[in-house]
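Results of the structural survey
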Amino acid sequence: MSKSLEKFSNGIEDARNMLAIYDCHNSSENEEIIKGLYKGKLPDIDVLKRSSFTLAFTAFETYIEDLVREIEQKQITPNSTEKNEKMLERFHNPNTENIRNLYKSWFCIEDVTCCWSFDGMNREQVCKKLDDYIRNRGEIVHRLKEDNVPDVAKKDNVVKCVNFLDKLARCMDEYIASDEWVEGARKKRAEKAQGGNK
């Protein structure tokens, strides 16, 4: 397990804890206790679901960035250029294309998504699911709660997203740890150094 995954695990656990707080506040068994905690109107607890969704993606985005740094420190295929540094600084949307481009630019990994399959989903399905969840995150973050906008932060959807991101990070971590990609990356790096194919 990479250090990046350990750190991610803490972040994803925070997202799960936020959902647990939501469940506690939403439980009829706790209704009187919860009412006693607040004076006046009870707060809208749906914010906890939206926050959990957003927090899970923050943990995932940080994992993707931290893993780049961790691989770079091992100097398997060092490539810390000014262009790559700027690319990493601007990495704020961990969709499939951006993750592919980041790892291709830094490490010459032709397609880091090649290993993405779990829970009966193939690579294409996992990529589509990630991109769908990214769109959901955008709706949550940028549209908040608008009329006529479907609520993408339904509890079941949030739980599925949190679990999906957890599995995806573990899948990616396993692939990077396997070093299956190293030989191909070194070959591509050598070609670039000699002015060959890019």
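Only a predicted model underlies this, so the values are computations on that prediction, with no experimental measurement involved.

Definitions and limits used
- The residue numbers shown here count from 1 along each chain, following its written sequence.
- Per-residue local features of the predicted model are confined to residues with pLDDT of at least 70, and side-chain atom pairs are confined, for both listing and counting, to 80 or more; whole-chain, interface and lining totals are unaffected and use all residues.
- As a convention, hydrogens and water are excluded, and side-chain values are obtained from all of the structure's heavy atoms.
- The helix and strand labels rest on DSSP assignments: H or I over at least four residues marks a helix, E over at least two residues marks a strand, and numbering proceeds from the N terminus.
- Residue burial is assigned from relative accessible area. The probe radius is 1.4 Å, only protein chains are included, and a residue is buried under 20% of its type maximum, exposed over 50%, and partly exposed in between.
- Contact definition: two residues touch when any of their heavy atoms are within 4.5 Å.
- Salt bridges are identified by distance alone: a Lys or Arg side-chain nitrogen within 4 Å of an Asp or Glu carboxyl oxygen.
- The definition of a polar contact used here is a pair of N or O atoms within 3.5 Å, where within protein one atom must be able to donate a hydrogen and the other to accept one, and adjacent residues in sequence count solely through side-chain atom pairs.

1. With respect to the environment of leucine 55
Take leucine 55: it is sitting in helix α3 (residues 46-74). Using a relative accessible area of 27% as the deciding quantity, one classes leucine 55 as partly exposed. Spatially, the C-alpha atom of leucine 55 lies 7.5 Å from that of isoleucine 12, the residues being 43 residues apart in sequence. If we skip the residues at most four places from it in the chain, leucine 55 touches Gly11, Asp14, Ala15 and Met18.

2. Quick notes on the pattern of salt bridges
Counted under the stated rule, the structure contains 14 salt bridges. Between lysine 49 and aspartate 46 there is a salt bridge, with its nearest N and O atoms 3.4 Å apart. Of this pair, lysine 49 and aspartate 46 are both found in helix α3, three residues apart, which corresponds to roughly one turn of the helix. Accessibility expressed as a relative area gives 6% for lysine 49, which makes it buried. For aspartate 46, a relative accessible area of 21% gives the class partly exposed.

3. Quick look at unusual backbone geometry
For aspartate 119, which is not a glycine, the phi torsion comes out positive at approximately 50°. Here aspartate 119 is to be found in the loop between α5 (96-107) and α6 (123-143). Taking relative accessible area as the criterion, aspartate 119 reaches 55% and is therefore assigned exposed. Even without being glycine, aspartate 179 reaches a positive phi, approximately 60°.

4. Structural notes on the side chain of serine 4
Mapped onto the secondary structure, serine 4 falls in helix α1 (residues 3-26). In this structure the side chain of serine 4 is engaged in a polar contact, spanning 3.3 Å, whose partner is the backbone nitrogen of leucine 67. Of the polar contacts made by the side chain of serine 4, one reaches the side chain of glutamate 70; its length is 2.6 Å.

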